[in-house]
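Chain by chain, the residues run as shown.
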Amino acid sequence: MQDGYMQVLADKSYIKLDPRTKIFILLIINISAFTVNAWQVIALAAAIPLSLFALSKKYYITAGFSALFVSSLLLYIFLIDTTFSAVSIIVAMLTGVINRMGPGLLMGYYLLTTTTVSEFIAAMEKMCLPKQITIPLSVMFRFFPTIKEESSSINDAMRMRGISFGKSKGSLLALMEYRLVPLFISCVKIGEELSCSALTRGLGSPVKRTNVCEIGFSYRDLVYFALTAVTLMLLLITKRI
Amino acid sequence: MIKLSNVSFQYENGIQSSGLADITLSIERGEVVLLCGESGCGKTTLTRLINGLIPHYYSGKLSGEILIKGKNVSKMPLHETSTHVGSVFQNPRSQFYCMDTNSELAFGCENQGLSANEIIDRIELTVSHLKIKELMNRNIFNLSGGEKQKIACGCVHTASPDIIVLDEPSSNLDPQATKTLSHIIAHWKSEDKTVVIAEHRLHYLRDIADRLVFMRNGRIEKELSMTDAQNLKTDELFAMGLRPLSLDTLTPEKKCGLLNPEKIELSGFNYSYRSGQKALDIGSLNLPKGHIIGVIGNNGAGKSTFARCLCGLNKQFKGEVRVDSRTCSNKECLENAYMVMQDVNHQLFTEAVLDEVMLSMNEENPEKANAILESLNLLHLQELHPMSLSGGQKQRVAIASAVASERELIIFDEPTSGLDLRHMIQVSEILKQLKDMGKSVIIITHDLELIMRTCEYVLHLKNGKVHSSDYIRNMSNDKLLGFFMNQKECG
């Protein structure tokens, strides 16, 4: 393409997968995390995003999370069955949260940092999903960084006003309120302005949309589809037993 | 091109009082029309009529007829209007749908279903016309306000509608970006586009606009050719509540009162972003205590970083602030300075105005809180929820809580962005009031009028360094004006 104008990735330092592959992986990881107890499936589910980070040369993230997952899996396998006390209940809870939420969160992070909104829309349209699903989902997608931005300004304001946990002014509930109410109000306002802008630019038109960005499957997508399919099969097998 | 006949409109919920009454206006092809008037006069409402957001997004009671190229806008679906009318809005943070600049430029054309090749050709044309090559392939969230607004103009340019509507596009822009905006509008004019701009700041459109439409209370009160408008005397403009058409006539207000010999001493004011890029490189600097100090400079000059460091909000910052022989480290700065943010929505937390003020006090003292509210003309609102107030009232609540916190240093981040003359004067009176209370006030601003009205001292930052720092009375007027008027176009 001319000048390479349209070959954009949100973060180019990561390896590229088709958005559909990413969504599929995310879906399967989350299903397996919340339905299975077999550690093999959980380990596989964690290995998929970790391998993505490793292939993208994000070695610190990979090493850190690998260590976290491995240790929490080991704790889960060996400690839970052998001991029974208050400590083991806490450990079970903690490892449970890490094992079940961790892989999904990591995959979600990968999806968000490597997919642009237009790629996401293109993927959704290739899957023939209707506009009523595509548009709200893409807005949600776009909103994460906005929430982050707004929330950090609110955090600054709170620090400046000396509102923090532990001081007389900050009961936990009040702190939640102080943080969330301005955030909601900002987000509602931004959402409204955003829809105005999108509508004046013809979003929602019945014309078939063009997608300038190119998405498509490569051999990598094939490999990851296969891996995810294996996870899914394991999941079904362990459920059956 | 655009023809409004006997249009009246009232918003459905009635909260937004800025309806329209009996508007008749016709705009020819290739004309640049400037809509002006006080906040709430209905200029924004008028722009929404043209781009079809009324009645399709904002509903209400509409009568009369709005024709664009002979077609009735209110009967045309929004996506069809969008091929004829392009819009640029006030807030650069909330008008982008995608997260990267390239897809953003393509977005409007993609929705129209143009072919991919054509879209790419158009984008290349936009990039060369608006000189935004360096903004391509960027994440929207890493752009400055001025850069975002340029991209917003780029989006319109790519979709290439015949009519372009801008709603206070310069509110958040620095002098340099404003200059660029005026070049973009001039370019559109040369392409025979019809441009309608609702705006408070008029000076940058002085030589581009053809006609000035002055509105008050939802009616068109005056229509002037730009030559006639330029002949209006300062006091006539003032009576209309309009900002000046040119900046070079402004002079600093004479301020009596002695200079305070006491100083705020800043040392170690160096700060780099996590990426290693230097944001602030000041070292040490003395500022006069108990005065109103204006901080100027273009986007990226380090103004915000400077303010954040003064407030102690940058965690890695090692510098110190010394007032009255008391030295504040970074952490203590958090308790010494108070910033009134540009978006005050971020700093109002409680359910009632009075609680908001009390929250800032070390010990709750309702009488004192009432006195503060009274001084800022907020007493009658004390029971209301801060979020239900108007923008100006919210700002005053934030100021009230700053006063209640009894901090010596109060910092304002763009307190007058998007304000009309009357509200700007109101803010400047409050700033003076704060000074009379013995506070040191630091204002980060692009608003030359505000500086002329209030500031006694100006700190000019450039590339993270101090470019100049002096009392206004020691500065030549040309030097100050020079920054605001002789900006080179960037890019």
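Parameters and conventions
- Residues numbered from 1 in each chain as written.
- Chains lettered and ligands numbered in written order.
- Predicted model: local features only at pLDDT ≥ 70, side-chain atom pairs only at ≥ 80, totals over all residues.
- Heavy atoms only, no water.
- Salt bridge = Lys/Arg side-chain N within 4 Å of Asp/Glu carboxyl O.
- Helix = DSSP H or I, 4+ residues; strand = E, 2+ residues; numbered from the N terminus.
- Buried < 20%, exposed > 50% of the residue type's maximum accessible area, 1.4 Å probe, protein only.
- Pairing = 2+ DSSP bridges.
- Axes fitted to C-alpha atoms, helices over the stretch in contact; angles between N-to-C directions.
- Contact = heavy atoms within 4.5 Å.
- Domains from an automatic or database assignment.
- Buried area = accessible area lost by both parts, 1.4 Å probe.
- Phe/Tyr/Trp six-rings, centres within 6.5 Å; stacked < 30°, edge-to-face > 60°.
- Lys NZ or Arg CZ within 6 Å of the ring centre and 35° of its normal.

Draft legend 1. Structural detail: the pattern of salt bridges. Residues and elements named next belong to chain B. Per the stated rule, a full pass over the model turns up 27 salt bridges over all chains. One salt bridge connects Arg 29 with Asp 192, and the closest N-O pair in it is separated by 3.3 Å. In this pair, Arg 29 is assigned in the loop between strand E2 (20-27) and strand E3 (32-36) and Asp 192 in the loop between helix H7 (175-190) and strand E8 (194-198), connecting sequence segments 163 residues apart. Since its relative accessible area comes to 45%, Arg 29 is described here as partly exposed.

Draft legend 2. The sheet that holds E8 of chain B, seen in detail. Residues and elements named next belong to chain B. Pairing is mixed across the open sheet formed by six strands, whose spatial order is E6-E7-E8-E3-E9-E10. Both edges of this open sheet fall to strand E6 (85-88) and strand E10 (219-225), since each of them pairs with a single strand only. When the angles between neighbouring strand axes are averaged without regard to direction, this sheet yields 20 degrees. Bridge count for E3 against strand E9 (residues 211-216) is four bridges, and the pairing is parallel. Note on E9: the bridge partner recorded for Val 33 is Arg 211. Where helix H6 (residues 145-159) meets the sheet, its contacts fall on E6 and strand E7 (163-167), and the angle it forms with E6 comes to roughly 175 degrees.

Draft legend 3. Summary view of the domain arrangement of chain B. Residues and elements named next belong to chain B. Examined at the domain level, chain B breaks down into domain 1 (2-245) and domain 2 (263-484). Centre-to-centre separation of domain 1 and domain 2, based on C-alpha positions: 32 Å. Counting from both sides, the interface comprises 20 residues of domain 1 and, opposite them, 21 residues of domain 2. Of the roughly 1,500 Å² buried where domain 1 meets domain 2, counting both sides, 46% is carbon and sulfur surface. Summed over the three residues of domain 1 that lose the most area to domain 2, namely Asp 174, Pro 175 and Arg 243, the buried surface amounts to 37% of that side. Across the contact surface, domain 1 and domain 2 share four salt bridges.

Draft legend 4. Representation of the packing of aromatic side chains within the structure. Residues and elements named next belong to chain B. Under the defined criterion, the tally for this structure stands at 16 aromatic pairs over all chains. When the ring of Phe 269 is compared with that of Phe 306, the centres are 5.8 Å apart and the planes differ by 55 degrees; the resulting orientation is tilted. A residue pair is termed long-range when its members are at least 10 positions apart, and Phe 269 in strand E11 (residues 263-272) and Phe 306 in helix H10 (residues 303-311) qualify at 37 residues. Phe 269 sits in the buried class, given a relative accessible area of 0%. For Phe 306, a relative accessible area of 1% gives the class buried. Members of the aromatic cluster, connected to one another through ring pairs, are Phe 9, Tyr 11, Tyr 57 and Tyr 58. Over the face of the ring belonging to Tyr 58 we find Arg 48, whose NZ or CZ atom lies 4.0 Å from the ring centre.

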